[in-house]
Every structure is written in C-alpha cells, then in structure tokens.
Amino acid sequence: MAIYSLLFFYPCIGIPGVRERTLIAVKPDGVQRRLVGQIMQRFEQRGFKLVGMKMLQVSEELLSQHYQELRRKPFYPSLLHYMTSGPIVVMVWEGHNVVRTSRIMVGDTNPAEAQAGTVRGDFSIHISRNVVHASDSVEGAQREIQLWFHRKELMDWDCYDHNSTYQL
Ligand code: TYD
C-alpha cells in the first residue's frame, strides 16, 4: 500500500511518537475508594487513547516482577501486601509523549509533595496509599505493558477526533 493510502486510513502514523504507550494502574486503594472513573476521565479528557484495560487481583509473582527494582527496599513487604490486598484496574494509554505527561498528571510519588491538580495531589495524602501507578520511562512502559498484557488484549484503533488532537 502506498504511503498516501496508509496516511489516509491511519493518519496518526504520520505523527512522531503518537504510538507511545504507557501503563497506568489504579491501585487497590483507588478501586476501594471508587476513583477508577475519575482517574480514567483525566486521561480521556487530556486526549489520550485507551488501548487496553482489565481488572484483576495481582499475584505476588507478577508484582515482584513489576517492582523488581524495589525488592530490597524496606517498604517492599508492605507494598507487596497492599498491592495484592484487592483488585486493581490496569490500563494502557497511547499518545504523543504519554509517558512523561502521565507522570506529571499523576504527580509526585509522595502525595505530601504532589501538586494540587495531579491525581495523587487531589486524591491521596500518604506515600503508602498513593492511588495510582504510572510507568516512569518509555523503556519501563514497554517492559510493564508486556508483563501485564498479552498482545491480543491491546486494541489498535483510530480516534476519529485526531484532527482536533494533533496537527496532521
Ligand atoms: P516508586 O517506583 O519509587 O514510585 P512511583 O510509583 O512514583 O514510580 O515506588 C513504587 C511505590 O512504592 C510507590 O508508588 C509507593 C511505594 N513506596 C512506599 O510505600 N514507600 C516509599 O518510601 C517509596 C519510595 C515508595
């Protein structure tokens, strides 16, 4: 297929970085507090595209892979206990610069330092219950997405409003 035809059917492929993806998870405290909808709404209204989502109770095995760099931290046992204590909602969001923008939207790890207007700054007060996870780098996001999702669980679809979101 000629590049013009590809761009006609899939205009987003012409925009650099538009296929960047990140992993966002509403942690057990966020689910218990019924914050899933409000958190998702922030990513939708910003203009990002949801390409995968599921609810699950995470195993210690999966979590230890997810948080592999934190295994020796003193808070790791309580983090493991809390993260496996109830269901979480895990999502993949796609769009230009989504990894960096999501980290800004989510706010500082410690809610006491998180700016008002961020998810953690608006919905949490203590580092041990900071409501949400967001991948911290493009490479980290790729690793986490592969860990949490099978390829067939992620949707490739076109937003019909991309003319309003990007300069094509
Ligand atoms: P980390 O990966 O450092 O932060 P972030 O989630 O912002 O990428 O830490 C993972 C989670 O571990 C963090 O969201 C909350 C928890 N945590 C604690 O409970 N106590 C701590 O002192 C730290 C640094 C993190």
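Residues numbered from 1 in each chain as written. Predicted model: local features only at pLDDT ≥ 70, side-chain atom pairs only at ≥ 80, totals over all residues. Heavy atoms only, no water.

Let's shift gears to the overall build of the protein chain. Looking only at helices and strands, the protein chain has 9 helices and 4 strands in total. Mapped from its N terminus to its C terminus, the protein chain presents α and β elements in the order α-β-α-α-β-α-α-β-α-α-β-α-α. Over its C-alpha atoms the protein chain spans a radius of gyration of 17 Å, differing by no more than 12% from the 15 Å that the globule rule assigns to 168 residues. Seen through its principal axes, the protein chain has C-alpha atoms that stretch 55 × 35 × 25 Å. When each of the 168 residues of the protein chain is scored for burial, the buried share is 46%. By sequence separation, contacts in the protein chain at least 24 residues apart represent 77% of the contacts at least 6 residues apart. Summing over all exposed atoms, the protein chain offers an accessible surface of approximately 9,900 Å²; the carbon and sulfur share of this is 53%. Looking at the protein chain, you have 19 positive and 17 negative side-chain charges, and the mean spots of the two groups are 3 Å apart. (Helix = DSSP H or I, 4+ residues; strand = E, 2+ residues; numbered from the N terminus. Rg over C-alpha atoms; globule rule 2.2 N^0.38 Å. Buried < 20%, exposed > 50% of the residue type's maximum accessible area, 1.4 Å probe, protein only. Contact = heavy atoms within 4.5 Å. Areas by Shrake-Rupley, 256 points an atom, 1.4 Å probe, with all protein chains shown as cover. Lys, Arg positive; Asp, Glu negative; His and termini not counted. Charge placed at Lys NZ, Arg CZ, Asp CG, Glu CD.)

Attention now goes to the packing of aromatic side chains. Taken as a whole, this structure holds 1 aromatic pair when the rule is applied. Above the face of the Phe149 ring, Lys54 is positioned so that its terminal group lies 4.6 Å from the ring centre. Seen from the ring of Tyr82, Arg129 lies directly overhead, with NZ or CZ sitting 4.4 Å from the centre. (Phe/Tyr/Trp six-rings, centres within 6.5 Å; stacked < 30°, edge-to-face > 60°. Lys NZ or Arg CZ within 6 Å of the ring centre and 35° of its normal.)

Let us look at the environment of Glu61. Secondary-structure assignment places Glu61 in helix α4 (residues 60–66). The class for Glu61 is exposed, based on a relative accessible area of 53%. In sequence terms Glu61 and Leu80 are 19 residues apart; their C-alpha atoms lie 10.0 Å from each other.

Before going further, it helps to examine the UniProt feature "domain: Nucleoside diphosphate kinase-like" (unreviewed entry) in the protein chain. In this structure's numbering, the residues bearing the UniProt feature "domain: Nucleoside diphosphate kinase-like" (unreviewed entry) are residues 19–156. This span, residues 19–156, is 41% helix and 17% strand, and a straight line between its end C-alpha atoms measures 10 Å. (UniProt positions renumbered as here; feature names shortened; annotations may be inferred.)

Time to look at the nonpolar core. Formed by 22 residues in total, the largest nonpolar core has its most connected members in Ile39, Phe43 and Trp93. Of all the secondary structure elements, the ones that give two or more residues to this core are β1 (21–26), α3 (36–46), β3 (88–94), α6 (98–106), α7 (119–123) and β4 (132–134). Once residues lying within four places of it in the same chain are set aside, the contact partners of Ile39 are Val26, Val119, Val131 and Val132. Grouped together as the second largest cluster of nonpolar side chains are 19 residues, Leu23, Ile88, Val92 and Phe149 included. (Core = buried A, V, L, I, M, F, W, Y, C linked by side-chain atoms within 4.5 Å.)

Every residue lining the ligand is accounted for by Lys27, Tyr67, Leu70, Phe75, Leu79, Arg103, Thr109, Arg120, Ile127, Ser128 and Asn130. Between the ligand and Asn130 there is a distance of 2.8 Å, counted from an oxygen atom to a side-chain nitrogen or oxygen. Applying the majority rule of atoms within 2 Å of the grid points places the ligand in the largest pocket. Broken down by class, the residue content of the shell around the ligand amounts to 5 nonpolar, 3 polar and 3 charged. (Near = heavy atom within 4 Å. Polar contact = N/O pair within 3.5 Å; in protein donor to acceptor, adjacent residues only side chain to side chain. 1 Å grid on protein atoms, 1.4 Å probe; cavity = no way out; pocket = protein on both sides within 12 Å on 5 of 7 lines; lining within 4 Å. Sits in = over half its atoms within 2 Å of the grid points. Nonpolar A, V, L, I, M, F, W, Y, C, P; charged D, E, K, R; others polar.)

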